[in-house]
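The lines below spell out each chain.
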Amino acid sequence: MAAEKERKSSAVSDMGAWAMNVISSVGIIMANKQLMSSSGFAFSFATTLTGFHFALTALVGFVSNATGLSASKHVPMWELIWFSLVANVSIAAMNFSLMLNSVGFYQISKLSMIPVVCVMEWILHNKRYSKLVKLSVVVVVVGVAICTVTDVKVNAKGFVCACVAIFSSSLQQILIGSLQKKYSIGSFELLSKTAPIQALSLLLVGPFVDYLLSGKFIINYPMSSGCFLFIILSCGLAVFCNISQYLCIGRFSAVSFQVIGHMKTVCILTLGWLLFDSAMTFKNVSGMIVAIVGMVIYSWAMELEKQANLLAAKAVKHSFTEEEFKFLKDGVGEETTQSQRDVELGHTKA
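Residues numbered from 1 in each chain as written. Predicted model: local features only at pLDDT ≥ 70, side-chain atom pairs only at ≥ 80, totals over all residues. Heavy atoms only, no water.

Within an unreviewed UniProt entry, the label attached to the protein chain reads Sugar phosphate transporter domain-containing protein, and the organism entered is Eruca vesicaria subsp. sativa. Word for word, the UniProt comment on the protein chain under Subcellular location (unreviewed entry) is "Membrane". (UniProt positions renumbered as here; feature names shortened; annotations may be inferred.)

> An account of the overall build of the protein chain is needed here, citing residue identities and associated values.
Within the protein chain one finds 12 helices and zero strands. Counting from the amino terminus, helix and strand elements in the protein chain follow one another as α-α-α-α-α-α-α-α-α-α-α-α. Look at the contacts in the protein chain between residues 6 or more apart in sequence, and 85% of them connect residues 24 or more apart. Accessible surface, the protein chain: about 19,700 Å² in total, of which carbon and sulfur atoms supply 70%. (Helix = DSSP H or I, 4+ residues; strand = E, 2+ residues; numbered from the N terminus. Contact = heavy atoms within 4.5 Å. Areas by Shrake-Rupley, 256 points an atom, 1.4 Å probe, with all protein chains shown as cover.)

> Help me get a handle on helix 2 (residues 46–66), residues and values and all.
The end-to-end C-alpha distance of helix 2, which contains 21 residues, comes to 30 Å, matching closely the 30 Å that a straight helix rising 1.5 Å per residue would cover. Those residues of helix 2 that sit buried are Thr-47, Thr-48, Leu-49, Thr-50, Gly-51, His-53, Phe-54, Thr-57, Ala-58, Gly-61 and Ser-64. (Expected span 1.5 Å × (residues − 1). Buried < 20%, exposed > 50% of the residue type's maximum accessible area, 1.4 Å probe, protein only.)

> Break down the packing of helix 2 against helix 8 (residues 187–214) for me, with residues and values.
Relative to each other, helix 2 and helix 8 sit at 160 degrees, their axes nearing to 7 Å. By the criterion of interaxial angle, the relationship of helix 2 to helix 8 is roughly antiparallel. Relative to helix 8, helix 2 is oriented so that their crossing is left-handed. Per-class residue counts for the contact of helix 2 with helix 8 are 16 nonpolar, 11 polar and one charged. (Axes fitted to C-alpha atoms, helices over the stretch in contact; angles between N-to-C directions. Parallel < 35°, antiparallel > 145°, perpendicular 65-115°, else oblique. Left-handed = near helix turned anticlockwise from the far one by under 90°. Nonpolar A, V, L, I, M, F, W, Y, C, P; charged D, E, K, R; others polar.)

> Pulling in residues and values, what's your account of the pattern of salt bridges?
On inspection of all chains with the given rule, the structure shows one salt bridge. Close ionic contact of Glu-79 with Lys-182 constitutes a salt bridge, the shortest N to O distance being 2.8 Å. Of this pair, Glu-79 sits in helix 3 (residues 77–100) while Lys-182 is found in helix 7 (residues 156–182), placing the two residues 103 residues apart along the sequence. (Salt bridge = Lys/Arg side-chain N within 4 Å of Asp/Glu carboxyl O.)

> Account for the UniProt feature "transmembrane region" (unreviewed entry) in the protein chain, naming residues and giving values.
The residues that UniProt annotates with the feature "transmembrane region" (unreviewed entry) are residues 43–68, 80–99, 132–150, 221–243, 255–276 and 282–301. Span residues 80–99 is 100% helix and 0% strand, its end C-alpha atoms 29 Å apart. Split by type, residues 221–243 is 83% helix and 0% strand. Its first and last C-alpha atoms lie 30 Å apart.

> Give me the lowdown on a nonpolar patch on the surface, citing residues and values where you can.
On the surface, Trp-78, Trp-82, Leu-85, Val-89, Phe-159, Val-160 and Val-164 cluster together to form a nonpolar patch covering roughly 690 Å² of accessible area. In terms of residues, the nonpolar patch owes the most to one element, helix 3, which gives four residues. Along the chain, Val-164 turns up in helix 7. Note on Val-164: relative accessible area 36%, which makes it partly exposed. (Patch = residues over 30% accessible without salt bridge, like charges linked within 9 Å, V, L, I, M, F, W, Y side chains within 5 Å.)

> Describe the confidence of the model for the protein chain, and please don't skip the residues or the numbers.
Averaged over every residue, the pLDDT of the protein chain is 76; residues scoring 70 or more account for 70%. Confidence, expressed as mean pLDDT per element, reaches its minimum in the protein chain at helix 12 (residues 322–345) with 47 and its maximum at helix 2 with 90. The low-confidence segment residues 332–350, where pLDDT is below 50, has three contacts with residues more than four positions distant or belonging to other chains. (pLDDT = per-residue confidence, 0-100.)

> Explain the side chain of Asn-32 to me, and be specific about the residues and the numbers.
In this fold, Asn-32 is placed in helix 1 (residues 2–36). Judged by relative accessible area, Asn-32 falls into the buried class, the value being 16%. For Asn-32, the residues in contact, after removing those within four places along its chain, are Ser-37, Leu-49, His-53 and Ser-234.

> Give me the packing of aromatic side chains: which residues, what numbers.
A complete count under the given rule lists seven aromatic pairs for this structure. Ring centres of Phe-41 and Phe-230 lie 5.5 Å apart, and the angle between their planes is 45 degrees; this geometry places the pair in the tilted category. Here the residue Phe-41 occupies a position in the loop between helix 1 and helix 2, and Phe-230 occupies one in helix 9 (residues 225–251), the gap between them amounting to 189 residues. A relative accessible area of 23% places Phe-41 in the partly exposed class. Judged by relative accessible area, which is 27%, Phe-230 ranks as partly exposed. Taken together, a centroid distance of 4.6 Å and an interplanar angle of 15 degrees make the contact between Tyr-211 and Phe-217 stacked. When its relative accessible area of 30% is taken as the criterion, Phe-217 is described as partly exposed. In this structure an aromatic cluster arises from ring pairing among Phe-43, Phe-45 and Tyr-221. (Phe/Tyr/Trp six-rings, centres within 6.5 Å; stacked < 30°, edge-to-face > 60°.)

Printed below as a string of structure tokens:
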């Protein structure tokens, strides 16, 4: 009974982590769309804005540790720096990929992250996937490709940036899970350790990266009160987005995080149609349906794997035959009787 309650509580926590990630991710994209679009505030400094995001996340982590709301476990500094370097390269490469490539090729590069993560987890952690999981991933990728990929144009620089972005982003998501398991550290504790390093490095390098992307320096931007409020909103949503990302990868896997990420794409397209009058064609709708079917299959496949692992664990636990159990019982009984005799005779065993 207690185990069942614990399982239900864990399921609720898992759904809460997913819900937080989906809501905060979709919210931050909607806020950034207003903040960065030409029809909004035209704040075209994406890398520096990401530095602001991590600065507020670092501040929240510092306050949490200072007030005792969260514990701080030791993680070697070189591991934190290595992770932050990979994460920052991922951010910069994604921005350059979006700038240099067409939207269609950019979407294809993001879709290719799922098979890349699968291959990297197989190489690094010897992780294997069932045929049903592989099938569901293919269905999700095909569905999202149908509703998002339009024109596909490739150039040499854009292709290199896309490859770097795919590799570094996949490695970052795998590192989140492996570091949590390696050092038995919670998702928020890990985030509070890496956020200050990422914030400092992005705020130092970000303005120059943004200058290469937009040809403008942030110090020359005419700040308004409306823009400032949207920056605060974006940073606040980013805190929840970062925390939920670490929570999801820590609880599940980088592959699961990628699958749910593509479901966020479906939500964003739907909200764009509802809130910003974006075009919604039959191609978009059919792709969304295929992606949702793939997500359902994926969830079912992961539940089947979980149940199979539980049955395997129980089989190992109860794998003694009756003869083996009788032999162990008799052996323990004889040892106990002999020990009692030794005590009665005043002897002790070395």
